[in-house]
Amino acid sequence: DAGVTQSPTHLIKTRGQHVTLRCSPISGHKSVSWYQQVLGQGPQFIFQYYEKEERGRGNFPDRFSARQFPNYSSELNVNALLLGDSALYLCASSPKDRGREPQHFGDGTRLSIL
Amino acid sequence: AQTVTQSQPEMSVQEAETVTLSCTYDTSESNYYLFWYKQPPSRQMILVIRQEAYKQQNATENRFSVNFQKAAKSFSLKISDSQLGDTAMYFCAFMTAYSGAGSYQLTFGKGTKLSVIP
C-alpha cells in the first residue's frame, strides 16, 4: 500500500505570494494533520482534519488555512508568505482522530521563501 | 500545555554499541502516549516505538527499547547493537489520551542528532 504522499516535493516562492500544499493519506485513513518543521527544530502542529471537519488548530496566524476533501486528501494554504514560513511542511495520516493510533508521516514539502 | 525536552542536541556511537537518548516531558495529565520518531536525511518521520502511560511495562521493538519513568516524567530510548542505518534525527513526542477536540496532536522535542560511526 502507498504511504502518505505529499506534493510538491520542493517549492520556491517570494514574500507576499500564496502557496498550496497537497497531501494524500494512506488508503482508509480519515484523519490528516499538518506540521511545520523549521530547520533545526521539531515539528509544530498546525491543523488536524477528520471527516472533512477541523478538529484542532495550533498556534499559527490566520494566513494558514486548510481543508479536507471527500476522498480525505487535504490542502494546506498559506497566504502573504513571510521569510519565516520557510520550513519543511509535513502531513500525517491515521485511521481515526484518537491517540492510540500512531500518525504516519509523508516525506514533506520543503518550502523556501526568497 | 505540554512540553517535551531533549537535552542532547548531538550524540555519536560506535557501530554495534549501545546508546541511550534522553527525553523529559511536562504534563498535568495522568494518561497519555509517548513516542520516539526517527527522521533520516530522507526527511520522512518514521515511528520507532510507542509507550502508553497507563502501562508500566516498558515498550520494546527489536533493538529499540524505552525506559519509562512516569513519576520522573522521563522517557529515554535505548538503541542496542547500533547500525549505520540508525544515523538520523530522533524526536521524542507526547500526545494526550484525552479524546476531546484538538487533542490529537503531537508535541515534539527539538531532537537529538545521532551519528553511528563505523
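Here the structure is shown first, and the text comes after it.
Residues numbered from 1 in each chain as written. Chains lettered and ligands numbered in written order. Predicted model: local features only at pLDDT ≥ 70, side-chain atom pairs only at ≥ 80, totals over all residues. Heavy atoms only, no water.

Colleague: Got a minute to help me understand the overall build of chain A in this structure?
Modeller: When helices and strands are tallied, chain A shows zero helices and 11 strands. If you list the helices and strands of chain A from N to C, you get β-β-β-β-β-β-β-β-β-β-β. Relative to its length of 114 residues, chain A is compact, with a C-alpha radius of gyration of 13 Å against a globular reference of 13 Å. Looking at chain A as a whole, 51% of its 114 residues qualify as buried. Counted over contacts in chain A with a minimum sequence separation of 6, partners at least 24 positions apart contribute 54%. For chain A, the accessible area works out to roughly 5,400 Å², and carbon and sulfur atoms hold 47% of it. (Helix = DSSP H or I, 4+ residues; strand = E, 2+ residues; numbered from the N terminus. Rg over C-alpha atoms; globule rule 2.2 N^0.38 Å. Buried < 20%, exposed > 50% of the residue type's maximum accessible area, 1.4 Å probe, protein only. Contact = heavy atoms within 4.5 Å. Areas by Shrake-Rupley, 256 points an atom, 1.4 Å probe, with all protein chains shown as cover.)

Colleague: Looking at this structure, how should I read the sheet that holds strand E8 (residues 74-78) of chain A?
Modeller: Backbone hydrogen bonds are what pair the strands of a sheet, in a parallel or an antiparallel way. Residue and element names in this part refer to chain A. The sheet built from four strands is open, its strands ordered E1-E3-E8-E7 with antiparallel pairing. Both outer strands of the open sheet, strand E1 (5-7) and strand E7 (64-68), are each paired with one neighbouring strand and no more. Here the average twist between neighbouring strands, direction ignored, is 15 degrees. (Pairing = 2+ DSSP bridges. Axes fitted to C-alpha atoms, helices over the stretch in contact; angles between N-to-C directions.)

Colleague: Can you help me understand the pairing of strand E8 (residues 64-69) of chain B in this one?
Modeller: Each regular strand displays side chains that alternate between the two surfaces of the sheet. All names here are of chain B. Where strand E7 (residues 60-61) meets E8, two bridges bridge the pair, whose relative direction is antiparallel. Considered in E8, the bridge of Glu61 is made with Phe64. Alignment of E8 against strand E9 (residues 74-79), held across six bridges, turns out to be antiparallel. Bridged to Val66 within E9 is Leu77.

Colleague: Help me understand the packing of aromatic side chains, please; the structure alone is not making it clear to me.
Modeller: Aromatic rings considered in pairs are described by the distance between their centres and by the relative angle of their planes. This model, assessed by the stated rule, comprises 15 aromatic pairs over all chains. With a centroid separation of 5.7 Å and an interplanar angle of 70 degrees, the aromatic rings of A:Tyr35 and A:Phe45 are classed as edge-to-face. Here A:Tyr35 is found in strand E4 (residues 31-37), whereas its partner A:Phe45 is found in strand E5 (residues 44-50), with 10 residues between them in sequence. We note that A:Tyr35, like A:Phe45, is buried. Taking the centre distance of 6.3 Å and the plane angle of 80 degrees together, the rings of B:Phe68 and B:Phe75 count as edge-to-face. Each member of the pair, B:Phe68 as well as B:Phe75, carries the same accessibility label: buried. An aromatic cluster is present here, built from A:Tyr35, A:Phe45, A:Phe105, B:Phe35, B:Tyr37, B:Phe91 and B:Phe108 joined pairwise through their rings. (Phe/Tyr/Trp six-rings, centres within 6.5 Å; stacked < 30°, edge-to-face > 60°.)

Colleague: Mind showing me how you'd approach the environment of B:Tyr25 here?
Modeller: Residues and elements named next belong to chain B. Secondary-structure assignment places Tyr25 in strand E4 (residues 24-26). Assessed through its relative accessible area of 5%, Tyr25 is described here as buried. Setting aside residues up to four positions removed in sequence, Tyr25 forms contacts with Thr3, Val4, Tyr32, Leu34, Phe68, Gln69, Lys70, Lys73, Ser74, Phe75 and Phe94. For Tyr25, the side chain forms a polar contact with the side chain of Tyr32, separated by 2.6 Å. (Polar contact = N/O pair within 3.5 Å; in protein donor to acceptor, adjacent residues only side chain to side chain.)

Colleague: How should I be thinking about the interface of chain B and chain A in this particular structure?
Modeller: Much of the literature gives interface size as the accessible area that the parts lose upon coming together. Opposite the 22 residues of chain B that make contact, chain A presents 30 residues. Taking both sides of the interface into account, the surface hidden between chain B and chain A amounts to around 2,100 Å²; carbon and sulfur atoms contribute 49%. Considering only the surface of chain B that becomes buried against chain A, B:Arg43, B:Met45 and B:Tyr104 emerge as the three largest contributors, covering 36% of it. Summed over the shared surface of chain B and chain A, the number is zero salt bridges. For the interface between chain B and chain A, the tally reads four residue pairs in polar contact (both at pLDDT 80 or more). Listing elements by their share of the side of chain B that touches chain A, those giving two or more residues are strand E5 (32-39), strand E6 (46-52) and strand E10 (88-96) of chain B. Here the element with the most residues in the side of chain B that touches chain A is E5(B); it accounts for four residues. (Buried area = accessible area lost by both parts, 1.4 Å probe. Salt bridge = Lys/Arg side-chain N within 4 Å of Asp/Glu carboxyl O.)

Colleague: Looking at this model, I keep getting lost on the state of the cysteines. Mind explaining?
Modeller: All chains considered together, the criterion is met by two disulfides over all chains. The disulfide partner of A:Cys23 is A:Cys91, and the gap between their sulfur atoms is 1.8 Å. Judged by the torsion about the S-S bond (-65 degrees), the A:Cys23/A:Cys91 disulfide is left-handed. On the criterion of sequence distance, the pair formed by A:Cys23 in strand E3 (residues 19-24) and A:Cys91 in strand E9 (residues 87-94) is long-range, its members being 68 residues apart. Considered together, A:Cys23 and A:Cys91 belong to a single accessibility category, that of buried residues. The disulfide bridge from B:Cys23 ends at B:Cys92, spanning 2.0 Å between sulfur atoms. On the S-S bond that ties B:Cys23 to B:Cys92, the torsion sits near -70 degrees, and the link is left-handed. Taken as a pair, B:Cys23 in the loop between strand E3 (19-21) and E4 and B:Cys92 in strand E10 lie far apart in primary sequence, 69 residues in all. (Disulfide = S-S within 2.5 Å.)

Colleague: Before we go on, may I ask you to explain the pairing of strand E6 (residues 53-57) of chain A in this structure?
Modeller: Taken together, the four bridges between E5(A) and E6(A) define a ladder with antiparallel strand orientation. Opposite A:Phe47, over in E6(A), you have A:Arg57 as the bridge partner.

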